[in-house]
Amino acid sequence: MFKAAILDGISIVQSDLSWDPVAKLCDFTVYDRTSPEELEERIATLDGFFTSKCIITEEVMKKHPNLKFIGVTATGYDNVDVEAASKLGIAVCHVPAYSTDAVAQHVFALILEIENQTGFYIDRVRDGEWARCGSFTFFDRPTHTLSGMSLGIVGYGSIGKQVARIAEAFGMKVNVYSRDKEAAMKSDIVTLHCPLTPENEGFVDAGFISEMKDGAILINTARGKLVNEEDLAEALKSGKLSYAALDVLCSEPPSTDNPLIGLKNCIVTPHIAWMPKECRERAINICADNLKSFLTGGSLNRVDTIR
């Protein structure tokens, strides 16, 4: 029987789901988390495995010639050397479009938190400041309407398109980076939705930021390593950018010296845009479909070059 495992399964199942749809297809082992030191021992006897964040290099794959299948439990698959997998005849599948609506929703949760200052005002009410102010309304920070603002979208795949649809519903002007770079860069808000590649790692750096509108806002719900965090921190401190809101960082969880944590004009959420239960359940089912397809000679959601 095909022997497989999930190497970092807890993030998807949490306490409310299970890997049963995959387990029914093979001899299956569930590991909540797998450290780099544990990786090779755990995959030594496997025919295939699923992972979200384990780094799978050409060296790792060459050491385990029994491997036939790698299932990435996310849409992005930058953690796997797909080119090497193709050369070695290992199938690599991913989970496309399972969280499109959720990520787009989170983009606007972040934007609205900045423009409405909801969290700030909730805290002021809890602290008793509204009760003490003597007025029917309490004002301590300005808020803004999205209608009439411009939104630059970098990466116009399924998530970027959904973000555009929501933005237009709010009355925003949408500028797509691949169609009009200048307009996108001069938008009031710039949001990232491109995959991480070796070519674009850290491309949101001092040079990129210098082309953005003064006082603009940067949103990143894509991949942390798209952004040079030191350069972004400097732009936030200097006022070149008024705000940043990020759901992803270069290192997750963040190191204690991350330059963005603690900045008053930087909001960070802990990589949760994809996390609604409906999305996690969909991801598990697509993983099962991918493995079933592979085991029956199909190529569902494969990203390697099929030989």
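Quick note: structure is the one above.
Everything in this summary refers to the structure shown in the same document.

Scoring rules and cut-offs
- Residues numbered from 1 in each chain as written.
- Predicted model: local features only at pLDDT ≥ 70, side-chain atom pairs only at ≥ 80, totals over all residues.
- Heavy atoms only, no water.
- Buried < 20%, exposed > 50% of the residue type's maximum accessible area, 1.4 Å probe, protein only.
- Helix = DSSP H or I, 4+ residues; strand = E, 2+ residues; numbered from the N terminus.
- Pairing = 2+ DSSP bridges.
- Disulfide = S-S within 2.5 Å.
- Axes fitted to C-alpha atoms, helices over the stretch in contact; angles between N-to-C directions.
- Parallel < 35°, antiparallel > 145°, perpendicular 65-115°, else oblique.
- Contact = heavy atoms within 4.5 Å.
- Nonpolar A, V, L, I, M, F, W, Y, C, P; charged D, E, K, R; others polar.
- Right-handed = clockwise from strand over helix to strand, strands pointing away.

1. A closer look at the pairing of strand 3 (residues 48-51)
In the case of a regular strand, side chains alternate between the two sheet surfaces.
1) Next: Here strand 3 shows two buried faces, one formed by Gly48 and Phe50 and the other by Phe49 and Thr51.
2) Next: Two elements, strand 1 (residues 3-6) and strand 3, share three bridges in a ladder whose sense is parallel. Each bridged residue has a counterpart across the sheet, and for Ala4 the counterpart in strand 3 is Gly48.
3) Next: Looking at chain direction, strand 3 and strand 4 (residues 69-72) are connected through four bridges and run parallel.

2. Notes on the state of the cysteines
1) Next: Evaluated as defined, the whole model comprises zero disulfides.
2) Next: Note on Cys54: no disulfide assigned, nearest cysteine sulfur contributed by Cys287 at a separation of 14 Å.
3) Next: Relative accessible area serves as the criterion here: at 8%, Cys54 is assigned to the buried category.
4) Next: Just so you know, Cys279 is unpaired, no disulfide at all, and the nearest cysteine sulfur is the one on Cys287, 13 Å from it.

3. Some thoughts on the packing of helix 6 (residues 100-116) against helix 7 (residues 118-126)
1) Next: Interhelical geometry of helix 6 versus helix 7 gives an angle of 55° and a closest axis separation of 6 Å. Taken together, the axis directions place helix 6 and helix 7 in an arrangement best described as oblique. Residues Leu112, Glu113 and Asn116 of helix 6 form the contact with helix 7, whose participating residues are Thr118, Gly119, Phe120 and Tyr121.
2) Next: Of the residues assigned to the contact of helix 6 with helix 7, the class counts are three nonpolar, three polar and one charged.

4. Section: the pairing of strand 9 (residues 216-220)
1) Next: Of all five residues making up strand 9, five are buried, and the element is well covered by its neighbours.
2) Next: Burial along strand 9 is two-sided: the residues Ala216, Leu218 and Asn220 and Ile217 and Ile219 are all buried.
3) Next: Sheet topology note: the strand 9/strand 10 (residues 241-246) ladder contains five bridges and is parallel. Across the sheet, the residue bridging to Ile217 is Tyr243, located in strand 10.
4) Next: Assessed by its sense of winding, the connection that carries the chain from strand 9 through helix 12 (residues 229-238) to strand 10 is right-handed.

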